[in-house]
Amino acid sequence: MTTTTSPRVLEHPTRDQIRLEEVLHALSDAVRLRIVRDMAREDTELSCSYFELPVTKSTTTHHFRVLRESGVIRQVYRGTAKLNCLRRSDLDALFPGLLDSVLAAAGAQAGREGEEGTA
């Protein structure tokens with residue numbers, strides 16, 4: 001069996017395949033934006049179980065898939081854990097300042113709404 005057909009290998013768009021409209025769509029959802037803010041704040045690989053989200057496990061899986069397929073995050077298996085990291089270098093190279101602007105705006109909004117933590 002080759003690694004490309006292994007169920008433990010997740011497909012990701014290459015840097016050249018990442019499209020602005022798909023990134024913006026992925027970041028337009030409050031739950032996905034919260035995931036991205038947490039990833040940016042922690043700046044390390046995080047397991048899916050790290051995130052305490054107000055949605056079901058199946059909905060959480062959907063949100064991570066949207067983020068992965070849009071090119072916002074990279075997911076890899078390490079043993080039995082699926083780890084997630086922000087594709088900051090790819091996003092910054094393709095869309096300079098976009099991620100920082102979105103994270104700053106999300107942090108400002110969270111501050112107005114009284115949420116804890118910032119990106």
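Undergrad: I tried to follow the nonpolar core on my own but got confused; where do I start?
TA: If you look at soluble globular proteins, the nonpolar side chains tend to sit buried side by side. Within the largest apolar cluster, 25 residues are counted, with the highest numbers of intra-cluster contacts made by Ile 35, Val 36, Met 39, Val 72 and Leu 86. Broken down by secondary-structure element, the contributors of at least two residues to this core are α1 (20-27), α2 (30-42), α3 (57-70) and α5 (98-113). Sorting elements by how many residues they give to this core places α2 first, with six residues. Met 39 has contacts with Thr 44, Leu 46, Phe 51, Phe 64, Ile 73, Asn 84, Cys 85 and Leu 86, leaving out every residue within four places of it along the chain.

Undergrad: Please clarify how α3 should be interpreted in this entry.
TA: For an α-helix, 3.6 residues make a turn, and residues three or four places apart therefore share a direction. Compared with the 20 Å implied by 1.5 Å per residue over 14 residues, the 20 Å span of α3 between its first and last C-alpha is a close match. For α3, every residue scored as buried is listed here: Thr 60, His 63, Phe 64, Val 66, Leu 67, Arg 68 and Ser 70. Where α3 is buried, its residues meet α1, α2, β2 (73-78) and β3 (81-86). Of the residues trailing α3, Gly 71 is marked for its positive phi of about 95 degrees.

Undergrad: When you look at the pattern of salt bridges in this model, what are you seeing that I'm missing?
TA: It is possible for side chains of opposite charge to pair when their charged atoms get near one another. Under the counting rule described, the total for this entry stands at nine salt bridges. The salt bridge partner of Arg 87 is Asp 90, with a shortest N-O separation of 2.9 Å. Residue Arg 87 shares its accessibility class with Asp 90, and that shared class is buried. Notably, a salt bridge pairs Asp 100 with Arg 88, separated by 2.8 Å at the nearest N-O pair. Placement of Asp 100 in helix α5 and of Arg 88 in helix α4 (residues 88-94) is noted, with a sequence separation of twelve residues between them. Look at Asp 100 and you get partly exposed, because its relative accessible area is 42%. Beyond isolated ion pairs, a larger network of salt bridges with shared partners links Arg 15, Arg 87 and Asp 90.

Undergrad: Any chance you could explain the sheet that holds β3 here in plain terms?
TA: Strand-to-strand pairing in sheets goes through backbone hydrogen bonds, with the strands running parallel or antiparallel. Spatial ordering of the open sheet is given by β1-β3-β2, a layout of three strands whose pairing is antiparallel. Edge positions in the open sheet fall to β1 (46-47) and β2, since each of these has one partner strand only. By the bridge criterion, six bridges tie β2 to β3 in an arrangement that is antiparallel. Within the sheet, the bridge partner assigned to Arg 74 lies in β3 and is Cys 85. Against the sheet, α3 makes contact with β2 and β3, and its axis sits at roughly 115 degrees relative to β2, the strand it touches most.

Cut-offs used in this document
Residues numbered from 1 in each chain as written. Predicted model: local features only at pLDDT ≥ 70, side-chain atom pairs only at ≥ 80, totals over all residues. Heavy atoms only, no water. Core = buried A, V, L, I, M, F, W, Y, C linked by side-chain atoms within 4.5 Å. Buried < 20%, exposed > 50% of the residue type's maximum accessible area, 1.4 Å probe, protein only. Helix = DSSP H or I, 4+ residues; strand = E, 2+ residues; numbered from the N terminus. Contact = heavy atoms within 4.5 Å. Expected span 1.5 Å × (residues − 1). Salt bridge = Lys/Arg side-chain N within 4 Å of Asp/Glu carboxyl O. Pairing = 2+ DSSP bridges. Axes fitted to C-alpha atoms, helices over the stretch in contact; angles between N-to-C directions.

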